[in-house]
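# Coordinates in review
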Amino acid sequence: MSLPGKIRMPLQSVRARFLLAAVLVEAVMLTLLVSNSLRLMNTYLVEQVEQHARQITPILSAATVAPMAQRDYATVQSVLDESLSQKGVSYLVVLDAQNVRVASSGWPKDQPLPVADKGFELALKSIDPVHHVQTPILMFGQRLGTLYMGMDLSHILAARKALLTQGTLIALGELMLSAVLLMVLGLWLTRHLVDLTRASREVTAGNLSPAPVNEGEDELGQLGAAFNAMSRTIKQRVLDLVQAKEQAEQSNRAKSDFLATMSHEIRTPMNGIMGMTDLVLDTPLNEEQRELLGVVKSSATSLLNIINEILDFSKIEAGKVELESIEFDLDQLMRHCLAPLRVRAQAKGLEINTESSGTLSTYLVGDPNRLRQVLTNLVGNAIKFTSEGLITVGWECLPDQPHRYRFWVSDTGIGIPPEKQISVFEAFTQADSSTTRTYGGTGLGLTISSTLVHLMGGKISLRSALKQGSTFEFTVPLKAGRSMELGPDNSHLPVKLPATGDAVGSGLRVLLVEDHPINQKLAISLIERSGHHVTLAQNGEEGLHAAMRQPFDLVFMDMQMPVMDGLEATRAIRAYESSRGLPHMPIVAMTANALPSDRKSCEDAGMNGFLSKPFKANELRELLSQTQARLHAAEPAA
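## Topic: the overall build of the chain
What the chain contains, in helices and strands, is 15 helices and 17 strands. The 638 residues of the chain split such that 41% are buried. Residue pairs at least 24 apart in sequence account for 68% of intrachain contacts in the chain once pairs closer than 6 positions are excluded. Looking at the chain as shown, the accessible area adds up to about 35200 Å², and 57% of this sits on carbon and sulfur atoms.

## What to know about the packing of helix 12 (residues 540–549) against helix 13 (residues 566–580)
Here helix 12 crosses helix 13 at 20°, and the two axes come no closer than 9 Å. Judged by the angle between their axes, helix 12 and helix 13 are roughly parallel. In this structure, helix 12 crosses over helix 13, and the sense of that crossing is right-handed. Of the residues in helix 13, those in contact with Gly540, Gly543, Leu544, Ala547 and Met548 of helix 12 are Ala569, Ala572, Ile573 and Tyr576.

## Re the pattern of salt bridges
By the definition in use, this model includes 7 salt bridges. A salt bridge links Glu396 to Arg406; the nearest nitrogen and oxygen atoms lie 2.8 Å apart. With Glu396 in strand 8 (residues 390–397) and Arg406 in strand 9 (residues 404–410), this residue pair connects regions lying 10 residues apart in the sequence. Given the relative accessible area of 22%, Glu396 is considered partly exposed. As a salt-bridge pair, Arg463 and Glu473 come within 3.2 Å of each other at their nearest N and O atoms. Here Glu473 lies in strand 11 (residues 470–477) and Arg463 lies in strand 10 (residues 459–464), a separation of 10 residues in the sequence. Taking the relative accessible area as the measure of exposure, Glu473 reaches 16% and is therefore buried.

## Observations regarding a nonpolar patch on the surface
Together, Val25, Val28, Met29 and Leu32 make up a nonpolar patch on the protein surface, roughly 390 Å² of accessible area in all. Relative to the elements of secondary structure, Met29 occurs in helix 1 (residues 14–69).

## A short note on the sheet that holds strand 10
What the 5 strands build is an open sheet, ordered 6-8-9-11-10; its pairing is mixed. Edge positions in the open sheet fall to strand 6 (351–356) and strand 10, since each of these has one partner strand only. Strand-to-strand twist in this sheet, taken as the mean axis angle between neighbours without regard to direction, amounts to 15°. Note: strand 10 against strand 11, 6 bridges, orientation antiparallel. Paired with Ser461 across the bridge in strand 11 is Glu473.

## Quick look at the sheet that holds strand 5 (residues 326–328)
Overall, antiparallel pairing links the 3 strands, which are arranged 5-7-12 in an open sheet. Whereas interior strands pair on both sides, the edge strands pair on one side only; in this sheet they are strand 5 and strand 12 (479–483). On average, each strand axis in the sheet is inclined to that of its neighbour by 40°, with strand direction left out of account. As paired elements, strand 5 and strand 7 (residues 362–366) share 3 bridges and run antiparallel to each other. The partner of Glu327 across the bridge, within strand 7, is Val365.

## Description of the packing of aromatic side chains
Taken as a whole and judged by the stated rule, the model has 2 aromatic pairs. For the ring pair Tyr91 and Trp107, a centre distance of 4.7 Å and an interplane angle of 45° mean the geometry is tilted. Taken together, the residues Tyr91 in strand 1 (residues 89–96) and Trp107 in the loop between strand 2 (101–105) and strand 3 (130–139) connect sequence positions 16 residues apart. Take Tyr91 and Trp107: they sit in the same class, and that class is buried.

## Description of the side chain of Asp96
Within the secondary structure, Asp96 is located in strand 1. Of the side chains with opposite charge, Arg143 lies nearest to the buried Asp96, which makes no salt bridge, at 7.0 Å. Once residues within four sequence positions are removed from consideration, Asp96 is found in contact with Met68, Tyr73, Val102, Arg143, Leu144 and Gly145.

## Points about the nonpolar core
Taken as a class, soluble globular proteins show a tendency for nonpolar side chains to be buried jointly. In this structure, Leu330, Leu371, Phe407 and Phe474 are the most contacted members of the largest nonpolar core, which totals 39 residues. With residues near it in sequence (within four places) discarded, Leu371 still touches Phe328, Leu330, Leu333, Phe407, Met456, Phe474 and Leu478. By size, the runner-up hydrophobic cluster in this structure holds 22 residues, among which are Ala537, Met564, Met585 and Ile587.

## Details of the pairing of strand 10
Only one face of strand 10 is buried, namely the one carrying Ile460, Leu462 and Ser464, since none of Lys459, Ser461 and Arg463 on the opposite face is buried. Linking strand 10 to strand 11, which pair antiparallel, is a turn of 5 residues; within it Lys467 sits at a positive phi near 65°.

## Observations concerning the confidence of the model for the chain
Taken over all residues, the pLDDT of the chain has a mean of 79, while the share at 70 or more is 83%. Under a pLDDT of 50 for its full length, residues 431–440 has, in the predicted model, 12 contacts with residues more than four places off or in other chains.

## Comments concerning helix 6 (residues 330–347)
Taking 1.5 Å per residue, 18 residues should reach 26 Å; helix 6 reaches 26 Å between its end C-alpha atoms and fits that length. Maximum bend of helix 6: about 35°, positioned at Ala339, with proline Pro340 one to four residues after it. Along helix 6, the residues that are buried comprise Leu330, Asp331, Leu333, Met334, Cys337, Leu338, Leu341 and Ala345. Residues of helix 6 that are buried make contact with strand 5, strand 6, strand 7, helix 7 (368–384), strand 8 and strand 9. For helix 6, the N-terminal cap is Asp329; the gap from its side-chain oxygen to the backbone nitrogen of Asp331 is 3.1 Å. At the C-terminal side of helix 6, Gly349 shows a positive phi close to 75°.

## Side note on the environment of Thr447
In this fold, Thr447 is placed in helix 10 (residues 445–455). Given a relative accessible area of 8%, Thr447 falls into the buried group. Counting along the chain gives 70 residues from Thr447 to Asn377, while the straight-line C-alpha distance between them is 9.9 Å.

## Brief notes about the environment of Thr591
Position of Thr591 among the secondary structure elements: in strand 16 (residues 587–591). Of the residues examined, Thr591 reaches a relative accessible area of 0% and is grouped as buried. Considering only alpha carbons, one finds Thr591 and Met557, 34 residues apart in sequence, at a separation of 7.6 Å.

Definitions and cut-offs
Residues numbered from 1 in each chain as written. Predicted model: local features only at pLDDT ≥ 70, side-chain atom pairs only at ≥ 80, totals over all residues. Heavy atoms only, no water. Helix = DSSP H or I, 4+ residues; strand = E, 2+ residues; numbered from the N terminus. Buried < 20%, exposed > 50% of the residue type's maximum accessible area, 1.4 Å probe, protein only. Contact = heavy atoms within 4.5 Å. Areas by Shrake-Rupley, 256 points an atom, 1.4 Å probe, with all protein chains shown as cover. Axes fitted to C-alpha atoms, helices over the stretch in contact; angles between N-to-C directions. Parallel < 35°, antiparallel > 145°, perpendicular 65-115°, else oblique. Left-handed = near helix turned anticlockwise from the far one by under 90°. Salt bridge = Lys/Arg side-chain N within 4 Å of Asp/Glu carboxyl O. Patch = residues over 30% accessible without salt bridge, like charges linked within 9 Å, V, L, I, M, F, W, Y side chains within 5 Å. Pairing = 2+ DSSP bridges. Phe/Tyr/Trp six-rings, centres within 6.5 Å; stacked < 30°, edge-to-face > 60°. Lys, Arg positive; Asp, Glu negative; His and termini not counted. Core = buried A, V, L, I, M, F, W, Y, C linked by side-chain atoms within 4.5 Å. pLDDT = per-residue confidence, 0-100. Expected span 1.5 Å × (residues − 1). Bend = angle between axes of the 7 residues up to and from the residue. Polar contact = N/O pair within 3.5 Å; in protein donor to acceptor, adjacent residues only side chain to side chain.

Structure (structure tokens):
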């Protein structure tokens, strides 16, 4: 049996309590045993004293009767002296019938005689160890005198003290021996508990492989075996959980990669569908053709919105959403956000009203894009589920919290029953399965909105009644920015494209680096219809060689291409320009990779802007117009 190096015995431990209880029981039992033994011994000694007195008294009385009758007091004295030599007699005194002392042995003559004891208590004789006895001397019933006798108890008391001392010492010795034996027994019985405590603390501290606990055939040994088995099971389960977590993370990364790839693959043909549709809509068409193409464009836009929602949800689920903190004009944001939504509402015969607490005197600081996304989702949701009536969009600064703003969107739509309201913010959930069939949608809009509001440090809530409409309300913290009189801070706007030289005639020299034939045709058509000149490169390597041959006013660079991708080509162009001291050509990423990480990769490679596919024709035309305007503005300085 191995004992721990340091044994602590606090009263809180099982071992200490076991030892204390056992010692107390042993002490009580020994006390009772010693007390009972002393009581029995005391009784025996008292009986011996009383028996001795009963034996001596008649003999002495008989021996003194004749001398007392003859008044031979010398003989009486002789009898007393001879009797005093017997063991156990302390003194003898004889009085005549008139109570005159006629003989005395062992008792001072000048001291009065003691009073005879009425009873006998050995404990009371510890101070005066003499038992006083008084008996008459009778002859034929006539009293001749009185015999006083003292029984010496010193040897009896000494024997009793010795027995008490010996009994106490024996009891203490037995108690100490019992304590030692019980301690050893307690250590033996609790050795598994000590190991279990040590192993449990190691597991709590994170060590999933503690030293095995001692095992055995008894109950405690079986407990140790059970703990060892449990420890092995826990370790295996933790390993399984870690492996499952790694697999889940790997699956999540694979899912993110898959979504990014699918986004790219879907956006590429959609770019062609939407772009070509725009091009056809710019040509002479009859009413039926224009209506059919409008349906195609609307369907493509709806499909793009679904893809964007799925990508947003994937980013939120992966924890990759990054919030901006820039200045913006809230009134302007609300106008721009609601403008396209009013068109959708009017198409259903609905009206959108706005309410506000007044005009701001300062810009606000926050993430305007995410705020616009939440408002767009909520208003779009209200339009979807409202067939007639009114939609109200409002905002105000909370009076008791000057840096917190409340927004609300109310409608007169179908409403949501109370039992369904708690689940509307869950992913892929709508209040009724028939809702999806009737109104469409992925069920992700409210989930994304709720998550974005919480990421911005706010709260979102819902008030609704069936067939009476719904009100979505959320609050977000927005800091105050600069005074609007100073003008907006444009640091958050897209990077302005630098001018590199004069445009050819009235058009720009544009380099298009794109490998997809449909996207090539669409981009070339839009650029040339805007009056600019296009040079086509089929991959990044051809784009690099073209940029090295001549400067361009604007470069549109795809990211994923064979031979050399757009990022590598951009870095090579920037390196070539730096080595020759040439001004940087403006390079805009025109890609279906729409994740924030893709935008960051483009900026790190040296690109100046980002145009996500599928892009709108007016976005491309606006970019070309801005570039051309900057070139013309730079001509006088040249």
